[in-house]
Amino acid sequence: MMNLLLSTRIDLGGMGLNIADYFIVVFFVGLVLFTVIIVLIGITLYFFDRRQPASPVLRNYPLLGRMRYFLEQIGPELRQYWFDSDREARPFSRADYQHVVKSAKYKQDIIGFGSTKDYEKPGYYIRNAMLPKLISELKIDDEAVVETKRYVIKNEPIFTRREEVFEDHLSQAFLLDDEDAIVIGPNTRRPFVVKGQIGMSAMSYGSLGKNAITALSEGIAMAEGSWMNSGEGGLSPYHLVGGTDIIFQIGPGLFGVRDSEGNFDWEELKRKNEIPEIKAYELKFGQGAKVRGGHVDGEKVTPEIAEIRRVEPYKTIDSPNRFRDFPDLPSAFEMMEKIREVTGKPVGMKVVVGSPDEADLLARTMKETGKGPDFITVDGGEGGTGASFQELADSVGLPIYSALPLMNRALKKHGVRDRVKIIASGRLFSPDRIAIALAMGADLINIARGFMIAVGCIQTLKCHTNECPVGVATTDPNLEKALVIDEKKYRVANYLITLREGLFRIAAAAGHDSPVQFTEKDVYFKDEKGLVYSLEELYQ
C-alpha cells in the first residue's frame, strides 16, 4: 500500500509528480511563505522600534530589546519557581507557602532532617519548659471531632503530577476547653463565646470571588469554633453559606448599612442584626497594608456586589480614610455604644498602631470616658490587602510584633485591659508565630492570606487586577470556575485544625495545658550578638 501511494502520480500542468514529491513542494512553498512573513514582520517591527518615542532601549536595539521586556514579564515566575531560595521571597517565602499548602492539602506539618531557619539572625524564640506537659494533660475539648478529607501521596513520578488519593479523615477539632472559652463582650446582652482562637480576617466579597468566600465559609464552619470577618464590603450570601459565626465589619464607606445617600442606615443595621450568624460588629479605623479607605476597581463591582454594598455597578469604589460622622475617639465610642444598644452584641474596632502615643491615647480615652470597644483588632503593617499603594504598604504602620505589645501595655497602664479582648493580625500564618503573638498580649488571631493560600492562591500578586489565575481574588466567572468549592473547603478546615493542633503542641512544650496561658515570660528575643531578652525586659 505504501509503495502504491508513493508511486501514485499527480499531473500538475504537465508535470508528473508522485505524492511524496508533491508534499515536498508544498512544504517548501509553505516554508518560504512563512519565512517571508517573519522577515516582513521583523522589518516592520525594526523600523517601528527605531522611530517610537517611548523606549530608548528599543530605539537603540530594535527587535533585540524586545527580549528584555519578555524576560522582565516572566521574571516573577522564574524567581518564584527556579531562582529564589526557600526562605527568600516576599510576602511569603516558598517555605512559608509550602507550610500552609501541606497543612491544608495533606493535613501534615512534619519535616525531616532539620530546620532551614537562619539562627544567626535576630528573632523571637519560645521558651521551652524543662518538664513539658503530656498530651493527656492538655485542656482540649475532646468531644469536638471533625470529619474532613485530605490527600495522601501514593507515588511521585518525575515527569507527571504526583499520584494522590483523596480520602476521608477523622480528627479532633482542637478547640479550647469550656473553662478556657474566650468571651467577647461579657456585659452585652448577647456575648460572643469563642472556643477556637484563630479566625478569618476581614475579606470582602468583591476582593475575593464567590467561590473563594463560599469555600472559606464552609471550611471554617466544618472546623467548628471559629469565625469569619465579613470585610468592609458588606455581608454577602456566600459568607453565610456554611453557617459559621460572623463578625460584621463596618468601614468608613458604610457598605451594607448605608442608605442611598451614603448615610448610616439604622433600620438596615437592625435587619442585618436578625441574621443569627452575626455575632459581633467591628468598626474599621485602619488596615495594616493601607491606612486609608478601601479600594475596589470598577471591573470587580458586579451588579450583585453593588447591591450588597449599595453602590453603582462597575464603578471604582474608594472608601473615605475615616468615618465622617466621628472625627475623634469620644464620638467614635458614642457610636459604638449606640450600635451595642441597638444590636445587643459586642462592638469592636480595627486599628493600626503607629506609635506608643496612639496606643496610649486610645487606652486613656477608654478610661476617661468609661466607654469603648469590646475588642480591639490590631493589624500589623505587614498585613495583606486586595489593593493598596506601595508607600502605604511598605512604610506606614508598625508591624504586629511591635504594635501588639504597645497596645497591650497601654491598656494595662490605664487599667482597662480586662474590658477588652485583643485580636492580632499580620502574617500570623503558623502556630509558632501565633504563639508569639498570644504571648505579646493577643487573645485571638485573625488570618487572611493563609486562608487564601489554603483555597488555592499561588501568589501572582494580581489581587487588584481581577485577573487572579486560580479564581481566588477575582469576580470574573471564567476565572472563578477554577476554584472547586467541594474540594477547597476541606483544605480550609484542615489548615485551621492543623494550626490549632500546632498551637496546643507549642503550649505543651512551654509547660502550659492551654494556649490561653501564654504570657510575656514565654518568649525571648535573641539579638545579632546572641544575647537574649525576655519580652518583659524589652518593654520595660
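Just above, that's the structure.
The sections below set out a description of the structure shown in this document. (Residues numbered from 1 in each chain as written. Predicted model: local features only at pLDDT ≥ 70, side-chain atom pairs only at ≥ 80, totals over all residues. Heavy atoms only, no water.)

## With respect to the sheet that holds strand S19 (residues 532-534)
What the 3 strands build is an open sheet, ordered S3-S18-S19; its pairing is antiparallel. What marks the edges here is a single partner per strand, and that holds for strand S3 (123-126) and S19. Each strand of the sheet is rotated relative to its neighbour by a mean of 35°, with strand direction disregarded. Summarising the sheet, S3 and strand S18 (residues 523-526) pair through 4 bridges and their orientation is antiparallel. In the sheet register, Ile126 faces S18, and the bridge partner there is Val523. (Pairing = 2+ DSSP bridges. Helix = DSSP H or I, 4+ residues; strand = E, 2+ residues; numbered from the N terminus. Axes fitted to C-alpha atoms, helices over the stretch in contact; angles between N-to-C directions.)

## Some words on the packing of helix H6 (residues 210-223) against helix H17 (residues 485-509)
One way to put it is that H6 packs onto H17 with a least axis distance of 7 Å and a crossing angle of 45°. The orientation of H6 relative to H17 falls into the category oblique. In this structure, H6 crosses over H17, and the sense of that crossing is right-handed. In this structure, H6 contributes Asn211, Thr214, Ala215, Leu216, Glu218, Gly219, Ile220, Met222 and Ala223 to the contact, and H17 contributes Ile485, Lys488, Lys489, Tyr490, Val492, Ala493, Leu496, Ile497 and Arg500. Looking at the contact of H6 with H17 residue by residue, the classes come out as 11 nonpolar, 3 polar and 4 charged. (Parallel < 35°, antiparallel > 145°, perpendicular 65-115°, else oblique. Left-handed = near helix turned anticlockwise from the far one by under 90°. Contact = heavy atoms within 4.5 Å. Nonpolar A, V, L, I, M, F, W, Y, C, P; charged D, E, K, R; others polar.)

## Quick word on the environment of Tyr61
Looking at the element boundaries, Tyr61 is found in the loop between helix H3 (56-60) and helix H4 (64-83). Its relative accessible area of 52% is what places Tyr61 among the exposed residues. (Buried < 20%, exposed > 50% of the residue type's maximum accessible area, 1.4 Å probe, protein only.)

## Here's the deal with the packing of aromatic side chains
Summed over all chains, the structure comprises 14 aromatic pairs. With 5.3 Å between their ring centres and 75° between their planes, Tyr124 and Tyr401 make a pair best called edge-to-face. With Tyr124 in strand S3 and Tyr401 in helix H13 (residues 400-413), this residue pair connects regions lying 277 residues apart in the sequence. Both residues of the pair, Tyr124 and Tyr401, count as buried. Lying across the ring of Tyr125, Lys117 places its NZ or CZ 4.2 Å from the centre. (Phe/Tyr/Trp six-rings, centres within 6.5 Å; stacked < 30°, edge-to-face > 60°. Lys NZ or Arg CZ within 6 Å of the ring centre and 35° of its normal.)

## Topic: H6
In this model H6 runs 20 Å from its N-terminal to its C-terminal C-alpha over 14 residues, within 8% of the 20 Å that 1.5 Å per residue would give. Along H6, 12 of the 14 residues are buried, which leaves the element largely enclosed by surrounding structure. At the exit of H6 stands Glu224, carrying a positive phi of roughly 65°. (Expected span 1.5 Å × (residues − 1).)

## Looking at unusual backbone geometry
At Phe113, a position not held by glycine, the phi torsion is positive, near 75°. Tracing the backbone shows Phe113 in the loop between helix H5 (94-106) and S3. Take Phe113: its relative accessible area is 94%, and that puts it in the exposed class. With a phi close to 65°, Arg310 is a non-glycine residue in the positive phi region.

## What to know about the pattern of salt bridges
A side chain with one charge can pair with a side chain of the opposite charge if their charged atoms come near. If you walk through the whole model with that rule in mind, you get 36 salt bridges. Glu480 is the partner of Lys210 in a salt bridge, and the nearest nitrogen-oxygen pair spans 3.1 Å. With Lys210 in helix H6 and Glu480 in helix H16 (residues 477-480), the pair connects residues that are 270 residues apart, well separated along the chain. Note that Arg310 and Glu268 form a salt bridge whose closest N and O atoms lie 2.7 Å from each other. Of the two residues, Arg310 sits in the loop between helix H9 (303-309) and strand S13 (317-318) while Glu268 sits in helix H8 (residues 266-273), which places them 42 residues apart along the sequence. Exposure remark for Glu268: the relative accessible area of 9% places this residue in the buried category. Residues participating in the shared-partner salt-bridge network are Asp265, Glu268, Arg271, Lys272 and Arg310. (Salt bridge = Lys/Arg side-chain N within 4 Å of Asp/Glu carboxyl O.)

## Section: the nonpolar core
Counting residues in each nonpolar core, the largest one holds 123 residues, and the members touching the most others are Ile250, Ile376, Met407, Ile445 and Phe451. With 12 residues, H17 is the single largest residue contributor to this core. Leaving out residues up to four positions away in the same chain, Ile445 has contacts with Gln197, Ile198, Gly199, Trp227, Ile423, Ala424, Leu428, Ile434, Ala437 and Leu438. (Core = buried A, V, L, I, M, F, W, Y, C linked by side-chain atoms within 4.5 Å.)

## A word on the side chain of Lys284
Relative to the helices and strands, Lys284 is located in strand S11 (residues 278-284). Lys284 has contacts with Glu232, Gln249, Ile250, Gly251, Pro252, Lys290, Phe323 and Lys350, leaving out every residue within four places of it along the chain.

## Concerning the packing of helix H10 (residues 329-343) against helix H11 (residues 356-369)
H11 packs onto H10 with a crossing angle of 60° between their chain directions and a minimal axis gap of 10 Å. In terms of crossing hand, the pair formed by H10 and H11 is right-handed. Here Leu329, Pro330 and Phe333 of H10 lie close against H11, whose contacting residues are Leu361, Leu362, Thr365, Met366 and Thr369. A class-by-class count of the residues in the contact of H10 with H11 yields 6 nonpolar, 2 polar and no charged.

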